[in-house]
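Coordinates in review
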Amino acid sequence: MRDHTHSDATDDPDEQPPCAMTDGGSSRSDLTLDHSLTSAGFFEALSEDRLVGGRCQDCDAVLLPPRPICNECGGSDVVAEDLPKEGTIVTHTNIHKTAPVFDDLAPLAVAIVELDSTGRFPARVEAPYDEISIGDRVRVEQREPTDADREFALDHEEDWPLPVFVPVDE
Ligand SMILES: [Zn+2]
């Protein structure tokens with residue numbers, strides 16, 4: 001019986017699945033935990049100062065963080081792409097009640113930023129709340145996780161870098 005091949009622990013590099021690739025897009029059979037279209041792949045790239053998202057080859061949507069299925073059209077022809085790291089704050093808030101490990105940091109400014117690629121994601125802002133506004137330009141940078149970050153993280157996230165938004169002088 002012919003079946004779609006899913007990755008498993010016995011991957012044989014010489015054995016190509018029958019429907020592996022289409023024009024550079026991803027197929028589920030070539031996805032691994034550290035693939036560029038996974039969260040782990042995203043953070044691996046971030047640790048090298050790269051912001052990687054997915055670009056849907058069918059409808060051009062930007063998927064950030066990257067994922068193998070397009071949330072706009074449902075297509076699976078998604079390619080990992082280095083994205084520009086600057087964008088604009090679309091909303092922001094101040095967190096006064098943080099998890100206890102972050103008490104020293106409170107209040108903590110966080111924002112959702114629309115990158116110039118059109119992808120959006122939330123992260124801390126390295127500026128006081130009253131010094132940032134909707135429409136401000138920021139750039140994504142990465143920081144080494146602190147002891148507090150590691151304590152708060154899930155086990156598989158402990159070594160992931162922390163994305164932060166840094167104000168850009170215009
Ligand atoms: Zn799409």
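Just so it is clear, the structure is predicted and the values come from calculations on it, not from any experiment. (Residues numbered from 1 in each chain as written. Predicted model: local features only at pLDDT ≥ 70, side-chain atom pairs only at ≥ 80, totals over all residues.)

**Describing the confidence of the model for the protein chain**
What counts, and what does not: On a range of 0 to 100, pLDDT expresses the predictor's confidence in each residue. C-beta atoms are first placed from the backbone for all residues, and any pair lying within 7 Å is then listed as a contact.
Taken residue by residue, the protein chain gives an average pLDDT of 85. The fraction at 70 or more is 83%. The low-confidence segment residues 1-24, where pLDDT is below 50, has 18 contacts with residues more than four positions distant or belonging to other chains.

**Points about the environment of Ala123**
Stated formally: To qualify as a helix, a DSSP run of H or I must reach at least 4 residues; to qualify as a strand, a run of E must reach at least 2; elements of each kind are numbered from the N terminus. Working definition of burial: number of other C-beta atoms within 10 Å of the residue's own, with buried at 20 or more, exposed at 12 or fewer, and partly exposed in between, all C-beta atoms being placed from the backbone.
Checked against the element boundaries, Ala123 lands in strand β6 (residues 120-125). Since 17 C-beta atoms lie within 10 Å of it, Ala123 is described here as partly exposed. Spatially, the C-alpha atom of Ala123 lies 5.5 Å from that of Val110, the residues being 13 residues apart in sequence. Setting aside chain neighbours within four positions, we find Ala123 in contact with Val110, Pro163, Val164 and Phe165.

**Quick word on the pairing of strand β5 (residues 108-115)**
Going by this rule: Should DSSP find at least two bridges between two strands, the strands are taken to pair.
A one-sided burial pattern is seen for β5, the buried positions being Ala109, Ala111, Val113 and Leu115 and the unburied ones Leu108, Val110, Ile112 and Glu114. Where strand β4 (residues 86-95) and β5 come together, 8 bridges link them in antiparallel fashion. In the sheet register, Ile89 faces β5, and the bridge partner there is Val113. Pairing of β5 with β6, which is carried by 5 bridges, proceeds in the antiparallel orientation.

**Side note on the nonpolar core**
Formally: A set of buried Ala, Val, Leu, Ile, Met, Phe, Trp, Tyr and Cys residues, joined through C-beta atoms within 7 Å, is what we mean by a nonpolar core. Where each domain starts and ends comes from a domain assignment, either automatic or drawn from a database.
With 22 residues, the main nonpolar core has Val52, Ala111, Val113 and Phe165 as its most contacted residues. Where this core is concerned, the elements lending two or more residues are α1 (39-46), β1 (52-56), β3 (78-82), β5 and β7 (137-143). Shared between two domains, this core holds at least three residues of each, these being domain 1 (28-82) and domain 2 (86-167). The contacts of Ala111, once residues within four sequence positions are left out, are Ile89, Thr91, His92, Pro122, Val125, Ile132 and Phe165.

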